[in-house]
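# Summary of the model geometry
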Protein chains: 2
Amino acid sequence: MTSTAAIIGGGVIGAGWAARFLLHGWNVRLFDPAPEVQARTAQVIDRARLALPGLGDVALPEAGQLSFHGLMSEAVAGADWVQESVPDRLELKQTLYQTLQDYMEPGVVLGSSTRSFTPTDLQAMSKRPEQIVVAHPVQPVYLLPLVELVGSDRNGAAVMARCVDVLEDIGMRPLQLRAEQPAHVSDRLAQALWREALWLIRDGIATTQEVDAAIRLGLGPTWAQSGPFEAARIAGAGADMARAMQAIAPELKAPWSRLTDVPDMDAALARRIAEQSEDPPGVADLAMLEDARDASLVAILRALRGRNQGAGAVLARGDARRRAEAGLASTYAEITSPEQPVPTVARAVPLDWLDYNGHMTEARYLEVFATATDQLMDLVGCDADYVASGKSFFTVETHIRHIDEVRAGAHLAVTTRVLAGAGKRMHLWHELRSGDRLLATGEHMLLHVDLETRRSCELTPVLAERLSRLAEAQATLPPPEGAGRHIGQGF
Amino acid sequence: MTSTAAIIGGGVIGAGWAARFLLHGWNVRLFDPAPEVQARTAQVIDRARLALPGLGDVALPEAGQLSFHGLMSEAVAGADWVQESVPDRLELKQTLYQTLQDYMEPGVVLGSSTRSFTPTDLQAMSKRPEQIVVAHPVQPVYLLPLVELVGSDRNGAAVMARCVDVLEDIGMRPLQLRAEQPAHVSDRLAQALWREALWLIRDGIATTQEVDAAIRLGLGPTWAQSGPFEAARIAGAGADMARAMQAIAPELKAPWSRLTDVPDMDAALARRIAEQSEDPPGVADLAMLEDARDASLVAILRALRGRNQGAGAVLARGDARRRAEAGLASTYAEITSPEQPVPTVARAVPLDWLDYNGHMTEARYLEVFATATDQLMDLVGCDADYVASGKSFFTVETHIRHIDEVRAGAHLAVTTRVLAGAGKRMHLWHELRSGDRLLATGEHMLLHVDLETRRSCELTPVLAERLSRLAEAQATLPPPEGAGRHIGQGF
């Protein structure tokens, strides 16, 4: 049954939560009295629809339903998760929780997006403190996987386990903190850097744009990949980590005195920052910045997905969990209809696959077909272990007919026919569809090779048997329209 | 004439500089008395050869020559740049500079990789202070483009301009600081965050791996893309930046008290960090971490190259500067031999283009051919302005014959023949080579389309004329071997 999330507060954070829940198949009820909440939420969800579904390599479930509610009681009654993202004022939150708890189910979690307060703060005036936790995300909520999960000693282990389940279900990585404190971990780290950056601006050592450059061109890419401790371990180049740490002790004490002061954010400093940031931005400017942010974040997160590292490892875990639901077999035995073309890809078009024509660019058609080939190889037994044992397939020939266009966020599915699989060869036929639309066909000839000699060799018996069984079972289908053609015959 | 850099000190920083200069076509002379310097430098350069040449989209010049020298006089005599990367002790550096200046040319820059000292510190005992500057890189020096460039008032504008020229020539982005101070900008920011991270470890709020996760899954990707100020501007979602800054003033003063203390790095804290980081690492572990770091950094930097943002914009500028030298025409008039296949790609294989078979993966063959098609389109007049005016080409059919394999860092070149270009069609033939080896052929049929209706339409006169002129000029060549074939005929 479809789960339901109630989102209390429809600012940029609340709308981000709404988008993340929706696109992971939850129904979402949004409560916010502001008149512009529907339009504002729609904007965030439109962005998320382009950027989120294609982040991983396996399709998300069908999106849920969004509804807006003027009554809190209506929004939270029967909901499976309640997420509060109202402004960060303690009394406001404590009062709000009393009303919410009148209508919420007692066993349901009430997560707060607060950055400033601890669970103990939030639970203080509550009749059921055990259901209140901190679940603090980072912006944009629909793209970045981090969520800081904090409980007090009044939350039981079962509640915390339920939180992990739900947050992982919507593609996040809950970082469960070991102690309560304001600003949690991520914002404490951010503010330390941020405060130092303010001194640099105030003292005229760098402009805001120069500080941004210093981060974007060095620490940012490094930290996206490894975080500071792993980076230090690598930079130490083999030195014992304890010794490396003690070696930096003098630096920590060095008289870089601004490091330990708090700058005074007076009007002059605020104005200088605004001017250097070319502020105030027009609305159009800001939308362009948001477009650029999403596209670049998607590109970075997908780069990490390809490497299965950092945020990419979170995406990989989500993909693995969704394979069966998306209709992808994980073993040869799971191929339920061998006489039909085998489903080999079920995914969405990533935002970074578009080109200047506004549609999925041609090379990504082959990337999709190559993934389909890999999946078919995997199913018939040419998996990672097989490759490690010294044999694999190399593609020697490819014929793609590009039949129709497709845009970011759209669903893609490939089915694969084995035209032949015997001797040293495998001959495949892929069809790529979005819904009912045929987007492309791919005809591919592969040779089975010995990775030592890099020369072709006979298929091993298991592969030969499985491939020929699929080829025979599928031979009863009419021959694929377009196979065996040369360029110029196809259209 | 080939320029020469003298690298003084062959640790991981010095070797990184050596690799960067070498792979940008400089000869490099390395001075370091340590017996293991040659083997250690070779390791770093081997890594750089895989990772650096494919970072951008245009080939680097041919690599320079590396030599090792036991005498400083021999290393620096006649060199065009001297880069010092010895341990960060002021007296050591000041003494060293006296010897270096005895043998260096007076007009040549002596850059120091120091993180702790200012140019005024370094110049104090020197006979020619004007030639000494700080040029502080980040690790890995051969991949990340940031270099902090700092002068004192004793360095003239001509010296600083020369620094910018040289550092840009080796693919870096010099960030010229407005004032001297220890730790420059990047390390001040890093240390602020680092100190806060140490408190989190010491207070048991998070482990080193949890701090790394908090950064990798949120702030890291964000900062890689935008830096902190631009991120704040977007997160503020349209609020006036000055007002947004003043709104955070109370947070800056909030009693998150650890923020302003310096933790004591005693043996217990150092040991805890080492244990949590799974330290000490075996050498093999560390090499694996370095492999993973380089591959992920390359993937992130290339993702940003595709977006022309942050570090990607630095790569794009380098590419633009090298096009002519790499033999790529930028206008139709620059096609010097229209009767020959047109050079359309000159690049190296990026590290993130490899697959489980250890070679460039099949989809990247089409990516290279698609780039070649784009370049040909651009030359005949279907450029960004033309696309913006509402017309473009869509590929409708592709036939690739994969003939040979290629590895990371190897040079790739595509030449393109126009088989036909008339009516609504363009028929292209690409050949992909690495040196003399033919790696693949690509036959592509494209339709000229109206981007409004998404339907095919006649070529405009300029395009038709240029395409048919190329097709006619090249028609005297023998027909390409393999064109017009269908799958299975090719081998």
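Here the structure is a predicted model, which is why all the values come from computation and not from measurement. (Residues numbered from 1 in each chain as written. Chains lettered and ligands numbered in written order. Predicted model: local features only at pLDDT ≥ 70, side-chain atom pairs only at ≥ 80, totals over all residues. Heavy atoms only, no water.)

Copy one and copy two of the chain differ by a rotation about a common axis and a shift along it. Once chain B is rotated about the relating axis by 180° and shifted along it by 0.0 Å, it coincides with chain A to within an RMSD of 0.0 Å. Taken together, the rotation and translation describe the operation of a two-fold axis. (Least-squares fit on C-alpha atoms with pLDDT ≥ 70 in both.)

Moving on, we get to unusual backbone geometry. Excluding glycine, most residues fall at negative phi; most peptide bonds, likewise, are trans. At the junction of Q139(A) and P140(A), the peptide bond is cis and its omega measures out at -10° in the coordinates. In this fold, P140(A) is placed in the loop between β6 (132-137) and β7 (146-150). For H184(B), which is not a glycine, the phi torsion comes out positive at approximately 55°. Here H184(B) lies in the loop between β8 (173-176) and α7 (186-202). Overall, the relative accessible area of 1% leaves H184(B) in the buried class. A positive phi angle, near 60°, is found at R454(B), a position not held by glycine. Mapping R454(B) onto the fold places it in the loop between β13 (437-450) and β14 (455-456). Residue R454(B) is classed as partly exposed on the basis of its relative accessible area of 25%. (Helix = DSSP H or I, 4+ residues; strand = E, 2+ residues; numbered from the N terminus. Buried < 20%, exposed > 50% of the residue type's maximum accessible area, 1.4 Å probe, protein only.)

Residue and element names in this part refer to chain B. Interhelical geometry of helix α14 (residues 362-380) versus helix α16 (residues 461-474) gives an angle of 115° and a closest axis separation of 9 Å. For the pair formed by α14 and α16, the contact residues are L376, L379 and V380 on the first element and V462, L463, R466, L467 and L470 on the second. Grouping the amino acids of the contact of α14 with α16 by side-chain chemistry returns seven nonpolar, no polar and one charged. (Axes fitted to C-alpha atoms, helices over the stretch in contact; angles between N-to-C directions. Contact = heavy atoms within 4.5 Å. Nonpolar A, V, L, I, M, F, W, Y, C, P; charged D, E, K, R; others polar.)

Take the sheet that holds β7(A) next. If you trace the eight strands from one edge of the open sheet to the other, you get β3-β2-β1-β4-β5-β6-β7-β8 (chain A), paired in mixed fashion. Edge positions in the sheet fall to β3 (66-69) and β8 (173-176) of chain A, since each has one partner strand and no second. Each strand of the sheet is rotated relative to its neighbour by a mean of 25°, with strand direction disregarded. Packed onto the sheet, helix α8 (residues 208-235) of chain B meets β7 and β8 of chain A and runs at close to 145° relative to β8(A). (Pairing = 2+ DSSP bridges.)

Before going further, it helps to spend a moment on the interface of chain B and chain A. The interface is formed by 150 residues belonging to chain B together with 150 residues belonging to chain A. For the chain B and chain A pair, buried surface summed over both sides reaches about 14,100 Å², with 65% attributable to carbon and sulfur atoms. Among the residues of chain B in contact with chain A, L217(B), F229(B) and R233(B) are the three that bury the most area, contributing 6% of the side total. Our count for the contact surface shared by chain B and chain A stands at eight salt bridges. Our count for the chain B to chain A interface comes out at 39 residue pairs in polar contact (both at pLDDT 80 or more). The biggest single contributor to the side of chain B that touches chain A is α8(B), with 26 residues. (Buried area = accessible area lost by both parts, 1.4 Å probe. Salt bridge = Lys/Arg side-chain N within 4 Å of Asp/Glu carboxyl O. Polar contact = N/O pair within 3.5 Å; in protein donor to acceptor, adjacent residues only side chain to side chain.)

Our next topic: α14(B). Residues and elements named next belong to chain B. The terminal C-alpha atoms of α14, which comprises 19 residues, lie 28 Å apart, in line with the 27 Å expected from a rise of 1.5 Å per residue. With 15 of 19 residues buried, α14 is to be regarded as a mostly interior element. One or two residues past the end of α14 sits G381, with phi positive at roughly 115°. (Expected span 1.5 Å × (residues − 1).)

Another aspect to go through is helix α2 (residues 37-51) of chain A. Residues and elements named next belong to chain A. Its 15 residues give α2 an end-to-end C-alpha distance of 21 Å, which sits within 8% of 21 Å, the value for a rise of 1.5 Å per residue. Residues of α2 that are buried include every one of V37, T41, V44, I45, R47, A48 and A51, and no others. All buried residues of α2 project into a common sector of 155° when viewed along the axis, lining one side. Of the exposed residues in α2, the ones pointing more than 90 degrees away from its buried face are A39 and Q43. (Arc of directions from axis to C-beta.)

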